[in-house]
Each structure stands twice: as C-alpha cells, then as structure tokens.
Amino acid sequence: MVDIKMAFLHYIPVSELLLTVRSIDLMKTKTGLNRLEHHTDRYYGDDLIIRRGNTFMMWLDLSRPYYPNTDRLHLELKTGSLPTVAKGTHVIIPLVEELEDDRWEAKIVKRDGNRIKLSVNSQPTAMIGRYQLTVATHSPKGKATSTHDPGNDIRMLFNPWCEDDTVYMDDEDEKNEYVLNDVGRLYYGTENQIGARTWNYGQFDEGILDACLYVLEKSVTPPSGWGDPVNVVRVISAMINSPDDCGVVEGNWSGKYVGGTSPTAWSGSVDILKKYQKDGGIPVRYGQCWVFSGVTTTVLRCLGIPSRSVSNFNSAHDTDVSLTTDVYFNENLESIDHLNTDSIWNFHVWNDCWMARPDLPPGHGGWQAVDSTPQETSQGTFRCGPASITAIRNGQVFLKHDSPFIFAEVNSDKIYWQRNLDGTFTQIHSEKNAVGHCISTKAVGSDERNDITHLYKHPEGTEEERIAVETASRYGSKPDTYSSPIAEDISIEVTMDGEGPRMGGDAELNIVMRNASSLPRTINLHSQVAVMYYTGVLKATVKKDEMPVELLANEGEPMNILYYTSVTFSQTVLCIACPGHYQDQLVDQAALMLTLSVRVTETQQVLATQFSFRLRTPDLIIKPVGEAVVGKKMAAEIFFTNPLPRTLKGVVFHVEGLGLQSVRQIAVG
C-alpha cells in the first residue's frame, strides 16, 4: 500500500496582510512641482521646503495596495523637543475625501499598485520650522509606523502668497523684492551725503535656511509660538545681537576690532550666519547697525516674512523714555556731559517687516519697524519691535511693541535745558526738525533709493505732525514738556553747499542767524567742533571758541565756517587745524559734529543747534576686462584713488560676488 500525503496551502487575502510604508517620495527636488508652486525653488539643495497654507504632493510606497474599506492611514509631523497636539507642534493629518481650507488634511489623488499619491493641505497658521515626518498605518493585522528619516524632514515657512497667512502681501513686484531678492542696498553717511553699499543677503545659499532655523532653535523659545510672525520677529530681533542671549553678531563701536572682522569689511550675511552655526552659537565678531540689519533681512526673508533694511538719518537714541532728545547745559552754557546720554546718530539702519497685526486696533497692519541693534532692552531683552509704522506716524506710542523708542528715533524734538542756581533745569530752546530725515530703503525692482519718510511721520511742521509729537510726549517720562511754548525772535541755521567735503579737502559750512524783531540784538556765539562716531558719540574735540555777533533789526547775517584750516565769522578768521592735526583722530565714517549755542544779551533768549557731516571717501570703480562668458573666468580692474597727502599702508580689498565668488581678501600692501 502506498501512503499518499497531501499538503494544503492556506490562502491569506492581500487585504489582511499588515500594511506598512516601504518608502516616501516627497517630490522635493528644486525643479519639482512642490518647490516651484511654493516659491522655494531657489533655496539650495533638494529638501522639501514648503510654505504654510498651500498643498503639496507626495508618494507613499506601501507593502501592499491600500484598501479604504479596511485600512486607515494618517501622517504625523513633529517639531520641537516636546511635540504636543494641543500646542500645534505635533500635527496629525488624516485622510479625507475632499480637502478643505485652513486645516491639515490629506487626500489620495492617484493610485498605482502599491503606491498612492497624496495631496496634503497645511494650515495658514501652522508653526514654521523643521518637522519630522512619519506615516502611521492601521489594518486588520495591526498598526505600524514608519521609521523617521532625517532626509524626509520638512521645512515649513511663512507664506506671503497665501491670503490667509498674516504675512500675506498682495503686490507681486513687492514680493519679488522683499521676499525673493537676495541682494540689496544699505544707506549710510549723513542726510546731505547719503552713501550706498551693496549687501548680499544670500537667503537661498547653501546652508542658510538651516542656519536661520538654528538661530530660532538657539533662542530656546517654544516652537508653539513660531506660528505668529510677531513672536518670531521679536525672537529674531533679540537673537541677531549678542549681549544677553549669545546671538549671532557681537556689536563693537570702539574702532578696535582685534580678534574679529571690522564691521565695514562685511558685505553680506552668508559668512556670518554660517560661522555662527559652525561655531556652535558663538557670536560672530563684529557688527554695527547695518550689519545687524542686513543679517535680520536675510533671516526674515529666508523664513518667509517680507522685510527690508531701512536707514534713518539724524536718528535719535532716547535713553530715558522722555520721547525727546535732551541736551543739558550748566549755568555758563557749558555741556554737562554726564547728563547728555541721549544722542543723535548720523544714520541708523533697522528693518521693516510686513504683516497683519490682529493684536492691535484695525488699520495698524502693514509695515512694522524692528531693530536688532542692541540699544535699549524690551521686557528685559535687547530687542525692539515690531512696532506699527502707522502708530509711530500718529504718535500712538501706547501700542506695542517698543513704539516709544522708534518714535523718538524718527520724530523726537531736540530739547536744550539749562541748569538753574537751585539745581533745577529750565527749557531754553527746542528744535522741532532735528531728527528723522531722509528715511531710506532700496526701491522695488531697482537700485534707486526710495525715500519713505512720509510713512514714518507727517510732513515736518504740519498740524498733524505737531499733534503726533505732543500725543506721544504725554506717554513719556516728561509729559509736561510741551505745556509752555517758548517765544523766539532769533533763529539759527547751518547748511552745507553741494555734496559736501571730501577726505583730504576743505569743508565749508554756512551759518545764518536771523533777527525777526524790530530791535538790534547782541549775540554771544559758542562753537565746538568734534570728531564723532556715526552713532553720535563724540571721540575728540578739535576746537572750542566763543565770539560776539551784532545783528541789526530784521537782519539775517550769513557766516562761513571752513574746516581743516580755518573758521570764518564775517571777516574774522580763526585757525582750527590742518588735516595733520586731527587726521589720526578720525574714525569710521569720518564724521564731524559742529555744536553751536547762542545767548541773546537783550532778551536772555538761548538757542542751540548741532550739525553733523562727514568727509566723503573715494568711490571704488570696477571695470570688467574682456567679455563675460558663462562658465569661464573673467578679469576686472579695480580703481581707487588715495585722497590723502601720504602713503596708505595695510590696504586690503574685500571681494565678494553672490553665486560667483565667495568672500576673498586681496592684500595690496
């Protein structure tokens, strides 16, 4: 007998097998549909970089076909060290039949065997930052979750193209300028001698997005607050400077830059941000206001917040929240240095950023001022803004954040005080147009300078402007400043002809004093010339003088002041100094300050004024040699003329071309 054994195979339906994810394709290449539709195709690398409020596509390769009747699937995104669903840092994205706006959802739009293509929708209020992606599946055989792959991390940015995002900007040309332009212009000098320098923002360069996210992470602020651009801007404003949080750039206004880079040598943000991340969060040495602003523009544009660098000429620094710029004299009209802590910088550079302000009364959205230069603390941290420019323009300094400080920078009156015998002070003169001139930013679509003073303040001297000043003053530390106006019949003005003096040449200033009364006046004129840092801090006094001037009734008497060699008052010439006397005293920007104070003998009226100017340095002229051909080296000639009557030593050229040449130093000797 033959014993026959039969084997029976047990058939298991495919739908009953465990459903797992074999691979994820985020369609994340620079030239792919996701990056193009999210306006992130210019960022370096092939990571998935998306903007919130938009949909993106992805493929899932599963272990078997997906059966909607028995299978379940959802995506999970996590950001931060303690992701929490309630705080929006742990996002669960379900599969739905139809996508709806303003919520996290995913929809199957295509099937191909074991592969499914998803369209994923994100919230326009989602937290920005770096998300870890996993996929959770649930089938009759149990649950499974894909392994986290760092290569599939998703970078989420703000979205100026999405109407539901608070940073939405309507104008396409403005988005191209304030989000996508990676080169800009920063303005410096004085209001009569405005200079411009090119700054490479480089927000799309290799490693810059990760460096910007590193700055956010280094702030140790909870990612649950990174969905609000107001919060993010305050974090960035604090993190770009270094005093209290080891931020990106260490400020230095001493003129001595041993152990670091001179602020004037930087020409872009890329090297600064890369070095900060590479060194593990050690502040980069050194920066001044334009460096802080340039880096801030890079970070904000990189994260998707429309922004621009803004220069304010004759920019006040109010140190006591008086909302005035105060100058104190003793009984003899001599400056009381230890009280004169307020200053007026020749120029100061900060930022505007664009966003709605649902936290403020309606009408205060749009451009917001933010300042990363460490000047005064805000809620215990060196930061400033965002402050609504509309609020600043109207003197509504009670609206957050830090509106009083920025108002004082652009529209504070300059008040002169004299000490009385009993130690009190009396207001002796005020200048109502001393600060906030030629507020400048790069124009949209060109390298021209765009004057935006009208956005920050009403025209000087108008009823609206005076109301704004007096409204703001009521919320300052000296609310009674404008209670009693001062009568004046003598006025004084300092002007400069043409583009102003050049390094190595003479400088002439014009002083005009006018007598509006029907009687003659005898005037005692005090003058002082000092070398000054562009921040308004004086370094050294070059000359002090005092002289009498006679003014006839209703007379305006012009005077000329000639610096470098002499001072001319009417027919009197007083020797100041030749270039050799103070050439070694000049500091960055080659700035000088003239201070005048006047007492009228007959009326005891006192008035004063200050006038800053700089010695213009020669321009660099770059001329290409031969034809420029893509992929081939080319030469260029750099022309520079030494304006001084002596040999320059230790000359170094700093050369950088975005996408062409990394920062390179050429020692000339």
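Residues numbered from 1 in each chain as written. Predicted model: local features only at pLDDT ≥ 70, side-chain atom pairs only at ≥ 80, totals over all residues. Heavy atoms only, no water.

Here's the deal with the overall build of the chain
Right, so step 1: Tallying secondary structure elements over the chain gives 11 helices and 38 strands in all.
Right, so step 2: Principal-axis analysis of the C-alpha atoms gives the chain an extent of 145 × 60 × 40 Å.
Right, so step 3: By residue count, 51% of the 669 residues in the chain fall in the buried class.
Right, so step 4: When contacts within the chain are restricted to residue pairs at least 6 apart in sequence, those whose partners lie at least 24 apart make up 65%.
Right, so step 5: Counting 62 positive and 84 negative side-chain charges, the chain places the centres of these two groups 8 Å from one another. (Helix = DSSP H or I, 4+ residues; strand = E, 2+ residues; numbered from the N terminus. Buried < 20%, exposed > 50% of the residue type's maximum accessible area, 1.4 Å probe, protein only. Contact = heavy atoms within 4.5 Å. Lys, Arg positive; Asp, Glu negative; His and termini not counted. Charge placed at Lys NZ, Arg CZ, Asp CG, Glu CD.)

Considering the packing of helix α3 (residues 208–218) against helix α5 (residues 270–278)
Helix-helix packing is characterised by the crossing angle of the two axes and by the distance between the axes.
Right, so step 1: Packing of α3 against α5 leaves a shortest axis separation of 9 Å and a crossing angle of 55°. If you check the angle between α3 and α5, you find them oblique. Handedness of the α3/α5 crossing: left-handed. Every residue of α5 that contacts α3 at Ile-208, Asp-210, Ala-211, Cys-212, Tyr-214, Val-215 and Lys-218 is listed here: Val-270, Leu-273, Lys-274, Tyr-276 and Gln-277.
Right, so step 2: Looking at the contact of α3 with α5 residue by residue, the class counts come to 8 nonpolar, 1 polar and 3 charged. (Axes fitted to C-alpha atoms, helices over the stretch in contact; angles between N-to-C directions. Parallel < 35°, antiparallel > 145°, perpendicular 65-115°, else oblique. Left-handed = near helix turned anticlockwise from the far one by under 90°. Nonpolar A, V, L, I, M, F, W, Y, C, P; charged D, E, K, R; others polar.)

Things to note about the sheet that holds strand β21 (residues 387–388)
Right, so step 1: Taken in spatial order, the 6 strands make up an open sheet running β21-β18-β17-β15-β24-β25, and their pairing is antiparallel. Because the sheet does not close on itself, it has two edges, and the strands there are β21 and β25 (449–451).
Right, so step 2: Pairing geometry for strand β15 (residues 307–317) and strand β17 (residues 343–355), over 10 bridges, is antiparallel. Residue pairing for β17: Phe-313 is matched across the bridge by Phe-347.
Right, so step 3: Of the strands in this sheet, β17 and β18 (366–370) touch helix α4 (residues 229–240), which is tilted by about 145° from β17. (Pairing = 2+ DSSP bridges.)

Some words on the packing of aromatic side chains
Right, so step 1: Taken as a whole, this structure holds 15 aromatic pairs when the rule is applied.
Right, so step 2: Each ring, one from Tyr-43 and one from Phe-204, has its centre 4.8 Å from the other, and the planes form 85°; the classification is edge-to-face. Taken together, the residues Tyr-43 in the loop between α1 (33–37) and β2 (48–51) and Phe-204 in the loop between β12 (193–200) and α3 connect sequence positions 161 residues apart. Phe-204 shares its class with Tyr-43; the two are buried.
Right, so step 3: Taken together, Tyr-188, Trp-290, Phe-313 and Phe-347 form an aromatic cluster joined through their ring pairs.
Right, so step 4: Cation over ring: Arg-308 sits above Trp-367, and NZ or CZ is 3.9 Å from the ring centre.
Right, so step 5: Between the NZ or CZ atom of Lys-623 and the centre of the ring of Phe-639, over which it lies, the distance is 5.4 Å. (Phe/Tyr/Trp six-rings, centres within 6.5 Å; stacked < 30°, edge-to-face > 60°. Lys NZ or Arg CZ within 6 Å of the ring centre and 35° of its normal.)

Notes on a negative patch on the surface
Right, so step 1: A contiguous patch of negative charge, built from Asp-101, Asp-102, Glu-163, Asp-164, Asp-170, Asp-171 and Asp-173, is present on the exposed surface.
Right, so step 2: Note on placement: Glu-163 falls in the loop between β10 (154–157) and α2 (172–180).
Right, so step 3: Overall, the relative accessible area of 63% leaves Glu-163 in the exposed class. (Patch = residues over 30% accessible without salt bridge, like charges linked within 9 Å, V, L, I, M, F, W, Y side chains within 5 Å. Areas by Shrake-Rupley, 256 points an atom, 1.4 Å probe, with all protein chains shown as cover. Salt bridge = Lys/Arg side-chain N within 4 Å of Asp/Glu carboxyl O.)

A closer look at the nonpolar core
Soluble globular proteins: nonpolar side chains tend toward being buried together.
Right, so step 1: Judged by nonpolar contacts, the single largest core of 55 residues is most densely connected at Val-232, Ile-236, Val-248, Leu-273, Val-295, Leu-303 and Ile-305.
Right, so step 2: Listed by contribution, the elements that provide at least two residues to this core are α2, β11 (183–190), α3, α4, α5, α6 (289–303) and β17.
Right, so step 3: Per element, the largest residue contribution to this core is 9 residues, and it comes from α6. (Core = buried A, V, L, I, M, F, W, Y, C linked by side-chain atoms within 4.5 Å.)

Re the state of the cysteines
Right, so step 1: According to the stated counting rule, one finds 0 disulfides in the structure shown.
Right, so step 2: The closest cysteine sulfur to the non-disulfide-bonded Cys-162 is located on Cys-353, 18 Å from its own sulfur.
Right, so step 3: Classification of Cys-162 as buried rests on a relative accessible area of 8%.
Right, so step 4: No disulfide involves Cys-384; its sulfur sits 11 Å from the nearest other cysteine sulfur, which is in Cys-353. (Disulfide = S-S within 2.5 Å.)

Looking at empty space enclosed by the protein
Right, so step 1: In the structure shown here, the tally under the stated rule is 3 cavities of 30 Å³ or more.
Right, so step 2: One number sums up the size of the largest cavity: a volume of about 50 Å³.
Right, so step 3: Looking at the lining of the largest cavity element by element, the count peaks at 3 residues for β11. (1 Å grid on protein atoms, 1.4 Å probe; cavity = no way out; pocket = protein on both sides within 12 Å on 5 of 7 lines; lining within 4 Å. Points joined across faces, edges and corners; volume = space filled by probe spheres on them.)

Details of the sheet that holds strand β23 (residues 425–431)
Right, so step 1: As summarised here, the arrangement of the 3 strands in space is β16-β22-β23, forming an open sheet in which the pairing is mixed. Looking at the sheet topology across the chains shown, the edges are occupied by β16 (324–329) and β23. For this sheet, the mean angle separating the axes of adjacent strands, direction not counted, is 30°.
Right, so step 2: Two strands pair when backbone bridges link them, and strand β22 (residues 413–419) and β23 are joined in this way by 6 bridges, in the antiparallel orientation. For Arg-419, the partnering residue across the bridge sits in β23 and is Phe-425.

Focus: the side chain of His-437
Right, so step 1: With respect to the secondary-structure elements, His-437 resides in strand β24 (residues 437–442).
Right, so step 2: Its relative accessible area of 11% is what places His-437 among the buried residues.
Right, so step 3: With residues near it in sequence (within four places) discarded, His-437 still touches Glu-191, Asn-312, Phe-313, Asn-314 and Thr-453.

What about the confidence of the model for the chain?
Right, so step 1: On average, the chain scores 87 in pLDDT, and the residues at 70 or more come to 90%.
Right, so step 2: Throughout residues 561–582 the model reports pLDDT below 50, and contacts reaching past four residues in sequence, or to other chains, amount to 67 contacts. (pLDDT = per-residue confidence, 0-100.)

Notes on the UniProt feature "active site" (unreviewed entry) in the chain
Right, so step 1: UniProt tags Cys-289, His-348 and Asp-371 as "active site" (unreviewed entry). Of the residues just listed, which span 83 residues, no C-alpha pair is farther apart than 9.7 Å, and they cluster in one region.
Right, so step 2: Apart from residues lying up to four places away in sequence, His-348 is in contact with Cys-289, Val-310, Ser-311, Asn-312, Ser-315, Asp-371, Thr-373, Gln-375 and Glu-409.
Right, so step 3: You can see Asp-371 is positioned in the loop between β18 and β19 (377–378). (UniProt positions renumbered as here; feature names shortened; annotations may be inferred.)

Thoughts on the pattern of salt bridges
Right, so step 1: Under the definition given, this model contains 27 salt bridges.
Right, so step 2: A salt bridge links Arg-130 to Glu-217; the nearest nitrogen and oxygen atoms lie 3.4 Å apart. With Arg-130 in strand β8 (residues 129–139) and Glu-217 in helix α3, this pair connects stretches of sequence that are 87 residues apart.
Right, so step 3: Exposure remark for Arg-130: the relative accessible area of 24% places this residue in the partly exposed category.
Right, so step 4: Judged by relative accessible area, Glu-217 falls into the partly exposed class, the value being 39%.
Right, so step 5: In this structure, Arg-234 and Asp-402 form a salt bridge, with 3.2 Å as the shortest nitrogen-oxygen distance. One end of the pair, Arg-234, is in helix α4; the other, Asp-402, is in the loop between α7 (389–393) and α8 (403–411), and 168 residues separate them in sequence.
Right, so step 6: Note on Arg-234: relative accessible area 5%, which makes it buried.

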